[in-house]
Every structure is written in structure tokens, then in C-alpha cells.
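# Working through the structure, step by step
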Amino acid sequence: MNAHEDWAALARAAKPLDWAAPITFGVDPVEAARRSGGRIVYVSTPLVLDGWQIPETVVLDAARAASELARFRVGAVSPVVLGAAYLDADMHLGIRDPRQWARWVASIRNAAGAIWVPASRGWSRCPQVWADVQWAASHGVPVMVEAQEMGHGS
């Protein structure tokens, strides 16, 4: 099974806004902000590297998603946005390597009190987003997914 099929199976089994489940679907930015409870929210969006850089469209998608939560005074952290800024400042950072990226991202993700997965382009096919959600679900960290159905933003 690929990540997209795994998401589809989860979405079929879940009810939108079922807060008793470890993963809640259909959570828009307003509801994510309301449910964050003052915790740092890790914004999980797809990472795409184009040679030495993260493409501007990928960074903008992630920044827009995080800003949707920040608008409601939520401490929203996007590793894609941070990573792009860090790579702009120092193109020799090791976070371009997938294993280094995963370790660096884990330190941010592990400090968050919740994870929000906006319906950004490619979210349901991204192995990193899937890994974030699997980690959170296995560690009791609430996961909020914006999409209600697999066709939205996938």
C-alpha cells in the first residue's frame, strides 16, 4: 500500500470531526486553532527539493497554511518554511539529506502539542506527512487533517 491508499483507508474509517479518534478529519484552520489549546501546532506539508532548494511554490503553500493558524494567534511551526529560510542562509546545511532532514524535523515535531495537515498539494502522497501522522498517532499527539475526503488537496 502507498501513503495515498493508507490515507484513503483512514478517511473511510473516520467520521469528520470525531474528536475521540487519534486522527480527526475535516478540521479547517478555525477549528484547528480552537482545538490547539494554546499548544504549538506543527504544520505538516509536503517537502519537495529541487536540487539545493525548496521550490518557492512549496514554501508558499506551507507558509500560507501556517499563517492561517497564526491569524488566530496559534504558534504554528512549519518545518518546510523554516528549512527554506535556513537553506537560503546557508546552502551547505546538511538538512538537504533525507535522513538529516528527518532527524531535524523530528526535533520540531516532537515538541509540538498537535499536528495539523492542511489540504495542500500532494499532502496525501507525501511520505513525510504520513510519517508525521503515524508518529503522532503512536505517541498520543492529536492529529487534525483539513481534508474530509481524499480528493481535496490530494
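What this report covers is the structure whose coordinates are included nearby. Bear in mind the structure is a predicted one, so any value in this text is a computation, not a measurement. (Residues numbered from 1 in each chain as written. Predicted model: local features only at pLDDT ≥ 70, side-chain atom pairs only at ≥ 80, totals over all residues. Heavy atoms only, no water.)

For the rest of this paragraph, the subject is unusual backbone geometry. With a phi angle near 60 degrees, Arg73 is a residue other than glycine that sits in the positive phi range. When you line up the elements, Arg73 lands in the loop between helix 3 (56–70) and strand 3 (76–77). (Helix = DSSP H or I, 4+ residues; strand = E, 2+ residues; numbered from the N terminus.)

Moving on to empty space enclosed by the protein. Tallying each qualifying case throughout the model produces one cavity of 30 Å³ or more. If you add up the space inside the largest cavity, you get close to 50 Å³. In this structure, the largest cavity is lined by Tyr42, Val43, Ser44, Thr45, Leu47, Pro79, Val80, Trp101, Val105, Gln128 and Asp132. Among the elements of the structure, strand 2 (41–43), helix 4 (79–89), helix 5 (98–109) and helix 6 (127–138) are those that each provide at least two residues to the lining of the largest cavity. By residue class, the composition of the lining of the largest cavity is seven nonpolar, three polar and one charged. (1 Å grid on protein atoms, 1.4 Å probe; cavity = no way out; pocket = protein on both sides within 12 Å on 5 of 7 lines; lining within 4 Å. Points joined across faces, edges and corners; volume = space filled by probe spheres on them. Nonpolar A, V, L, I, M, F, W, Y, C, P; charged D, E, K, R; others polar.)

The next thing to look at is the environment of Ser78. With respect to the element layout, Ser78 can be found in the loop between strand 3 and helix 4. According to the relative accessible area criterion, Ser78 is buried, its value standing at 5%. Taking the C-alpha atoms as reference, Ser78 lies 9.4 Å from Arg109; in sequence the two are 31 residues apart. In contact with Ser78, not counting residues within four places along its chain, are Val43, Thr45, Ala62 and Ala66. (Buried < 20%, exposed > 50% of the residue type's maximum accessible area, 1.4 Å probe, protein only. Contact = heavy atoms within 4.5 Å.)

Here we take up the sheet that holds strand 2. Across the sheet, which stays open at both edges, the five strands sit in the order 1-5-4-2-3 with parallel pairing between neighbours. Of all the strands in the sheet, the pair left with one neighbour each is strand 1 (23–25) and strand 3. Pairing between strand 1 and strand 5 (residues 143–145): three bridges, direction parallel. Paired with Thr24 across the bridge in strand 5 is Met144. (Pairing = 2+ DSSP bridges.)

Let us now look at the side chain of Ser44. By secondary structure assignment, the location of Ser44 is in the loop between strand 2 and helix 3. Here Ser44 falls in the buried class, since its relative accessible area comes to 0%. For Ser44, the side chain forms a polar contact with the side chain of Asp132, separated by 2.7 Å. Residues contacting Ser44, with those up to four places away along its chain left out, are Ile115, Trp116, Val117, Pro118, Val129 and Asp132. (Polar contact = N/O pair within 3.5 Å; in protein donor to acceptor, adjacent residues only side chain to side chain.)

Our next topic: helix 5. The terminal C-alpha atoms of helix 5 lie 16 Å apart, and with 12 residues this matches the ideal 16 Å at 1.5 Å per residue to within 8%. On its buried side, helix 5 packs onto strand 2, strand 3, helix 4, strand 4 (114–117) and helix 6. Measuring from the backbone nitrogen of Arg99 back to the side-chain oxygen at the start of helix 5 gives 3.1 Å, which picks out Asp97 as the cap. (Expected span 1.5 Å × (residues − 1).)

Taking every second residue as pointing to the same face, both faces of strand 4 are buried, with Ala114 and Trp116 on one and Ile115 and Val117 on the other. As paired elements, strand 2 and strand 4 share three bridges and run parallel to each other. Bridge assignment links Tyr42 to a residue of strand 4, and that residue is Ile115. Two strands pair when backbone bridges link them, and strand 4 and strand 5 are joined in this way by three bridges, in the parallel orientation.

Below, the discussion takes up the packing of aromatic side chains. The relative placement of two aromatic rings is captured by the distance of their centres and the angle of their planes. With the rule as written, the count across this model stands at two aromatic pairs. Each ring, one from Tyr86 and one from Trp104, has its centre 5.8 Å from the other, and the planes form 70 degrees; the classification is edge-to-face. With Tyr86 in helix 4 and Trp104 in helix 5, this residue pair connects regions lying 18 residues apart in the sequence. Aromatic ring contacts, followed pair by pair, group Tyr86, Trp101 and Trp104 into a single cluster. (Phe/Tyr/Trp six-rings, centres within 6.5 Å; stacked < 30°, edge-to-face > 60°.)

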